[in-house]
Structures are given as structure tokens and as C-alpha cells.
Amino acid sequence: MKDSQLNVYNLKQMRQLQPESFDFVRFDPNNDCNVHCVYCHNHRSKDAIDTGELRAFLDENVLTIENFQMGCVMEPTLDKRLTDLMLLISRSKGRPKQRFILQTNGIQLHMHDHARMLEAGLNEVSVSIDAADVPTHKALRGGTSITQVGSNLAAFRQACPDVRVVFITTVTRINLAAVRPLVEFGLDLGVTHFVMREVFYRPDSDVVNHARMPELLLEEGEFGRMAAEIHATFGRRAEFDLADNAQLERVNTRMKNDSFR
């Protein structure tokens, strides 16, 4: 089964597929974000997926979907249709059989109806977050507020206690020492799963902040030492997925082959 992205760039091509089963669909309903991460390599625009086209994809190109993720490289809470689209997916034959995930930076999580998310079958929220302290987080993710994110997550956990909360972190030289406090911050909020990825850099990108990238890159072995320390300290209290650049490249290649991008 395929692990595919679905977005404004490849929807027309994905619509040409014969009906098939998907292991993972990672869906960006919009093509914009409200945070400016210094390591971001992704183009942005005001384009958005037409609701009718999404419905047609689910009706005509899908047999089954095991896991569906709202938000992949963009911020889905910027889309006012978020819960409408979630309900549309849940009422289609593309309703995910296992995980229905919302991936978000959490800043506007409070602006969407949590009850409708539960009605749609949401069972996981994945939060992109790089540090628990304000200066480090802001140095990497301009336009964000760790205070707002923490408040929003606490409110969400109260409204949706059975929904799993995951932290996704890009590990750079700047936040390497902040990883342990971030895990402690997450555990206090009820986070049960942490995904950590080594920062990558593509020098041919026309988007990324090239002036900042050299100071972000890790030296060989640093990510592995951090991963070993985190496992040793917190391994009995939460789940950890830690991926270095070699592992990330294999995953990215597979997704591109499965989704025309």
C-alpha cells in the first residue's frame, strides 16, 4: 500500500490513479503556514484544495485508507474548513481504519471545534515544537508562542483526554541542549510519544534561509548521542522515534515515489 502526500501540487495527478488502498495519506488542505521556521524548505501560497475535488478523490480513487493525516508540511488550522473537511473524510470510504491525525503547530488549535474533531474520529494530535523555553523556540520558529501552544494543548487535553498527543521536533545545534527540558514539558502535558528528526539542508533550495543553516547543522554523531541519552533517561515513560538524516532521506524518497512529488 502507498504512503502518499496529497496537496495543491499533486492532486490532479493523484486523481488520475486507479482506485487503490493507502497505508498513509498526508493531506495539506492549504498551502500556507503561520510560522517561519529558519530551516523550512517549503514554498508557500494562498492556494487551497477544492472541497469537491477532495470528495471526488475519496470517492473515486480510494479503496481504503489505514492512516490519514491532516497537515503535512503546511499548517491546517489556517484553513477555516478544517473540521468540515475532517467530517467529510470521516463519512467517506476513505475514513481511516487506524489513525486519524491532526498535525499542527498548535497556535490556532483553540480556534477549531474540538467536539467536531472527536465526532470525525480524530485519535491523534501531532504538534510541531522545538523547545519549551521561549528564546530557543522563537530562534527556530518565528511567529510562534510557546505559551499559547502550551495553553491550547492543556485545553485540548481536557476536552479530548483520549486523543493521543505527540510532539514532533526538528533537532538542530540551537536546540540540542533543550531537548531534555522539552520532553519534560511534554510529559507534564500528557504527551506519550516523541518524534525527533535531525535537521537537513538542501543548498540548492530557493526557500530556506541559507545564512542561518550552517549554525543549525549537527556534527556527525551528535544526533546519535542525543538519542541514546533520551532513550536512557525517558525510555520507560514514553515512546520515542528518532531519525537521523539517512533515515529521513529513505522515507522522503518513498513518499515522493508514491505521490508524484
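Per-chain numbering applies: the sequence of each chain, read as written, is numbered from 1 onward. Whole-chain, interface and lining totals are the exception, using all residues; otherwise, since this is a predicted model, local features are given only for residues with pLDDT of at least 70 and side-chain atom pairs are given and counted only at 80 or more. Note that the side-chain values use all heavy atoms of the structure and ignore hydrogens as well as water.

Caption draft 1: Structural view of helix α6 (residues 146–159). Here α6 spans 20 Å end to end across 14 residues, near enough to the 20 Å set by a 1.5 Å rise per residue. Exposure classes here rest on a 1.4 Å probe applied to the protein chains alone. A residue is buried below 20% of its type maximum, exposed above 50%, and partly exposed in between. We count a stretch as a helix when DSSP gives it H or I for four or more residues in a row; a strand needs E for two or more, and each element gets its number in order from the N terminus. Looking only at α6, the buried set comprises I146, V149, G150, N152, L153 and F156. Seen along its axis, α6 keeps its buried residues to an arc of 165°; they face one direction. When the buried face of α6 is taken as reference, the exposed residues oriented beyond 90 degrees from it are T147 and Q158. Any helix carries an expected span of 1.5 Å times its number of residues minus one. Working note: the arc is built from the helix axis to C-beta atom directions.

Caption draft 2: Focus on the side chain of N7. By the secondary structure assignment, N7 is in the loop between β1 (2–6) and α1 (11–14). Here a polar contact is recorded for every N or O atom pair within 3.5 Å, except that within protein the pair must consist of a potential hydrogen donor and a potential acceptor, and residues adjacent in sequence are included only if both atoms are side-chain atoms. At 3.0 Å, the side chain of N7 and the backbone nitrogen of Y9 are in polar contact.

Caption draft 3: The packing of helix α2 (residues 51–60) against helix α3 (residues 82–90), seen in detail. Orientation is described by lines fitted to C-alpha atoms, with helices fitted over the stretch in contact, and by angles between N-to-C directions that extend from 0 to 180 degrees. Contact geometry of α2 with α3 gives a least axis separation of 10 Å together with a crossing angle of 20°. On the basis of the axis angle, α2 is roughly parallel to α3. For the crossing formed where α2 meets α3, the hand is right-handed. Residues T51, L54, R55 and L58 of α2 pack against L85, L88 and I89 of α3. All residues other than Ala, Val, Leu, Ile, Met, Phe, Trp, Tyr, Cys, Pro, Asp, Glu, Lys and Arg, Gly among them, are scored as polar; the first ten of these are nonpolar and the last four charged. When its residues are assigned to classes, the contact of α2 with α3 shows five nonpolar, one polar and one charged. An angle below 35 degrees is treated as roughly parallel, one above 145 as roughly antiparallel, one from 65 to 115 as roughly perpendicular, and anything else as oblique. If you view the pair so one helix is near and one far, a crossing is left-handed when the near helix is turned anticlockwise from the far one by less than a right angle, and right-handed when it is turned clockwise. For this analysis, residues touch if any pair of their heavy atoms sits within 4.5 Å.

Caption draft 4: Structural view of the pattern of salt bridges. By definition, a salt bridge exists where a carboxyl oxygen of Asp or Glu is found within 4 Å of a side-chain nitrogen of Lys or Arg. Within the structure shown, the criterion is met by 17 salt bridges. The closest approach of N and O atoms between D3 and R26, which form a salt bridge, is 2.9 Å. Of the two residues, D3 sits in strand β1 while R26 sits in strand β2 (residues 20–27), which places them 23 residues apart along the sequence. Like R26, D3 is buried. Put simply, R81 and D79 hold a salt bridge, and the shortest N to O gap is 2.8 Å.

Caption draft 5: Structural context of the environment of I129. Along the polypeptide, I129 turns up in the loop between β6 (124–128) and α5 (134–140). For I129, a relative accessible area of 0% corresponds to the buried category. Taking the C-alpha atoms as reference points, I129 and H110, separated by 19 residues in sequence, lie 16 Å from one another. Here I129 is in contact with H137, I146, V149, F167, I168, T169, L182 and F185, once residues within four sequence places are set aside.

Caption draft 6: Fine view of the packing of helix α7 (residues 179–188) against helix α9 (residues 222–234). The contact between α7 and α9 brings their axes to 11 Å, and the two run at 35°. Considering the relative orientation of α7 and α9, their crossing is right-handed. Here α7 contributes V179, R180, V183, E184 and L187 to the contact with α9, which in turn contributes M226, E229, I230, T233 and F234. Considering only residue class, the contact of α7 with α9 consists of six nonpolar, one polar and three charged.

Caption draft 7: Spotlight on the pairing of strand β5 (residues 99–104). Burial runs high along β5: five of the six residues are buried. Whether a crossover is right-handed depends on one test, that the path from the first strand over the helix to the second runs clockwise when the strands point away from the viewer. Following the chain from strand β4 (residues 62–70) across α3 to the adjacent parallel β5, one finds a crossover that is right-handed. Here, a strand pair is defined by DSSP locating no fewer than two bridges between the strands. As judged from the four bridges shared by β5 and β6, these two strands associate in the parallel manner. Across the sheet, residue L102 finds its bridge partner in β6, namely V125. As a crossover connection, the stretch from β5 through helix α4 (residues 114–120) into β6 is right-handed.

Caption draft 8: Region of the structure containing the packing of aromatic side chains. For Phe, Tyr and Trp, where Trp contributes only its six-membered ring, two rings pair if their centres lie within 6.5 Å, and the inter-plane angle classes them as stacked under 30 degrees, edge-to-face over 60, or tilted in between. In total, this model carries six aromatic pairs according to the counting rule given. Where F68 meets F100, the ring centres are 6.0 Å apart and the plane angle is 80°; that geometry is what we call edge-to-face. With F68 in strand β4 and F100 in strand β5, the pair connects residues that are 32 residues apart, well separated along the chain. The exposure classification of F68 matches that of F100, with both residues buried. Taken together through their ring pairs, the aromatic side chains of F167, F185, F194 and F240 make up a single cluster. Each ring is checked for a lysine NZ or an arginine CZ that lies within 6 Å of its centre and within 35 degrees of its normal; such an atom marks a charge sitting over the ring. One residue, R26, lies across the ring of F24, its end atom 3.9 Å from the ring centre.

Caption draft 9: The arrangement of the pairing of β1 in detail. Within β1, five of the five residues are buried, which leaves the element mostly enclosed by the surrounding structure. Along β1, one buried face is formed by K2, S4 and L6 and the opposite face, lined by D3 and Q5, is buried too. As paired strands, β1 and β2 are joined by five bridges and run parallel to one another. Each bridged residue has a counterpart across the sheet, and for L6 the counterpart in β2 is F27.

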